[in-house]
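Residues per chain, in single letters:
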Amino acid sequence: MAAAAGPDPANRALTSTRFSDLHPPLSPPVLDALTRAGFDYCTPVQASTIPLLCTHKDVAVDAATGSGKTLAFVLPVVEILRRSFPPPPKPHQVMGMIVSPTRELSSQIYHVAQPFFSTLPSVRMVLLVGGFDIKTDMKRIEEEGANILVGTPGKLHDVMERLDILDFRSFEILILDEADRLLDMGFQKQITSILSRLPKLRRTGLFSATQTEAVEELSRAGLRNPVRVEVRTETKPVGNLASSQELAASITPLGLQIEYLECEAERKPSQLVDFLSENMSKKIIIYFMTCACVDYWGVVLPQLTALKGNTLIPLHGKMKQSAREKALASFTGLPSGVLLCTDVAARGLDIPGVDWIVQYDPPQDPNVFVHRVGRTARIGRQGSAIVFLLPKEEAYVDFLRLRRVPLQERECSSDALDVIPLANKICCKTGP
Ligand SMILES: Nc1ncnc2c1ncn2[C@@H]1O[C@H](COP(=O)(O)OP(=O)(O)OP(=O)(O)O)[C@@H](O)[C@H]1O
């Protein structure tokens, strides 16, 4: 009997719409590139957004973490450029721009987009992020050209200001990814200036997994009659709010189990070490509040006998760019291990095989919580997350549940080893 058509029924992140079913149709070279990458069926956000952007609509997209937003904007950018052929764009004719808040995320988008842009002869995509000398970037663009700019707002803005040779008159499409983060990282001025330099008759896509008032405002300022695309996951009943209306549609992925562990401040380190020693074969990301905390635990944890043999990698924004890239690449390639980081790694990063997200310090902003836990359970997979709370932070649980984040309680481990004296000894010897 022939196998039933459709995506793997176990993967509820995919629709039964194939990329080859979309209207207007994607071009054969893009469909071939999708097949080579193993992408056959669209996710809901792709099925709804790609046709809209390809038919001259502006979109404001709000979809869960790990739901495939990157391809939802990369494919339309490629198709829109293809339509302007022939002739191919001149070397300094900029046709499109993809803006995202961090260097790591911009670099990830650039690499996801590369196989699709390589189907367009003579189109040059350029990555522009902080941490590299602007003069080198400008010289490269002058000599080699740039038709698509991918980067962070600060660097993109600087290059646009300084490089007269860039011609934006035929500009077609602007994408603002992680729009709320772009704004709360203080890039409002650069975004406004970038918008003012682009032709008004363009398409704009605004993407995020979390919406804020500021995003609404940006949408009003930068988009023309946008179509709103909101994709939510159904939720499993959790805790005493199981039937609550607020939980009707979760803003976290379906395959994600979230727990909270309540304990006194002095017991937190021992609970963390206990958790890590129980999960030695797992791939884990731990979020701390500050760069100093990451440095501290990056010194202490590797020296504890209980964690011997575990790979622990620190990553924060005060590290040199080359060290940041190395840390991320090492963790990405590991089958198991621990990334100790700040929110520099909270958004958009697509790291394969992450089993657990640990929030040693809960973030103030529920949106940050959603992005952190979204580094696991991506595209229909299973994943788990745990947040450590102090007794005085108990209200955080209801606060999150009301924002459609379902959580379950986890018991503290009673026989966890007290690691504070050991940690103090280590830090006295080596310095934090
Ligand atoms: N149609 C598809 N079929 C199978 N896998 C896909 C499909 N689309 C995307 N993916 C994979 O899903 C993962 C998540 O995609 P992506 O990074 O675009 O998510 P996102 O919605 O941007 O997440 P975040 O909000 O965290 O940035 C990636 O590994 C990507 O390769």
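Anything mentioned here points back to the structure above.
Residues numbered from 1 in each chain as written. Predicted model: local features only at pLDDT ≥ 70, side-chain atom pairs only at ≥ 80, totals over all residues. Heavy atoms only, no water.

Caption draft 1: Seen up close, the environment of Val-129. Here Val-129 is to be found in the loop between strand S3 (125-128) and helix H5 (134-144). Judged by its relative accessible area of 4%, Val-129 is buried. Each C-alpha atom, one on Val-129 and one on Ser-106, is 7.3 Å from the other, the two residues being 23 residues apart in sequence. When residues no more than four places from it in sequence are discounted, the contact partners of Val-129 are Arg-103, Ser-106, Asp-137, Gly-151, Thr-152 and Lys-155. (Helix = DSSP H or I, 4+ residues; strand = E, 2+ residues; numbered from the N terminus. Buried < 20%, exposed > 50% of the residue type's maximum accessible area, 1.4 Å probe, protein only. Contact = heavy atoms within 4.5 Å.)

Caption draft 2: A look at the pairing of strand S4 (residues 148-151). Neither face of S4 is left uncovered, since the one carrying Ile-148 and Val-150 and the one carrying Leu-149 and Gly-151 both have all their residues buried. Sheet topology places strand S2 (residues 96-99) next to S4; 4 bridges connect them, and they run parallel. When the bridges of S4 are listed, Val-99 appears paired with Gly-151. Pairing between S3 and S4: 4 bridges, direction parallel. In the sheet register, Leu-128 faces S4, and the bridge partner there is Gly-151. Of the crossover connections in this fold, the one passing from S3 over H5 to the parallel S4 is right-handed. (Pairing = 2+ DSSP bridges. Right-handed = clockwise from strand over helix to strand, strands pointing away.)

Caption draft 3: Region of interest: the pattern of salt bridges. Here the structure, examined in full by the defined rule, presents 18 salt bridges. With a closest N to O distance of 2.9 Å, Asp-40 and Arg-18 form a salt bridge. Here the residue Asp-40 occupies a position in the loop between helix H1 (28-37) and helix H2 (44-54), and Arg-18 occupies one in the segment before H1, the gap between them amounting to 22 residues. For Arg-18, a relative accessible area of 29% translates into the label partly exposed. The partner of Arg-169 in a salt bridge is Asp-167, and the shortest N-O contact between them spans 3.1 Å. By sharing partners, the salt bridges in this structure join Asp-137, Arg-140 and Lys-155 into a single network. (Salt bridge = Lys/Arg side-chain N within 4 Å of Asp/Glu carboxyl O.)

Caption draft 4: Highlighting the site of the ligand. Taken together, 20 residues surround the ligand, and among them Tyr-41, Gly-66, Lys-69, Thr-70 and Asp-350 come closest. Note that an oxygen atom of the ligand is positioned 3.2 Å from one of the side-chain N or O atoms of Glu-178. In isolation the ligand offers 640 Å² of accessible surface; the protein chains occlude 87% of this area. In terms of residue count, the dominant contributor to the shell around the ligand is helix H3 (residues 69-83) (3 residues). (Near = heavy atom within 4 Å. Polar contact = N/O pair within 3.5 Å; in protein donor to acceptor, adjacent residues only side chain to side chain. Areas by Shrake-Rupley, 256 points an atom, 1.4 Å probe, with all protein chains shown as cover.)

Caption draft 5: Spatial organisation of helix H8 (residues 188-197). Buried residues of H8: Ile-191, Ser-193, Ile-194 and Leu-195, and no others. Summarising the contacts, the buried residues of H8 are in contact with S2, helix H6 (153-162), strand S5 (173-176), helix H7 (179-184) and helix H9 (213-222).

Caption draft 6: Just the side chain of His-371, in detail. With respect to the element layout, His-371 can be found in helix H13 (residues 366-373). Exposure remark for His-371: the relative accessible area of 0% places this residue in the buried category. In contact with His-371, other than residues within four places in its own chain, are Thr-65, Glu-178, Asp-180, Ala-209, Thr-210, Ala-346 and Arg-347.

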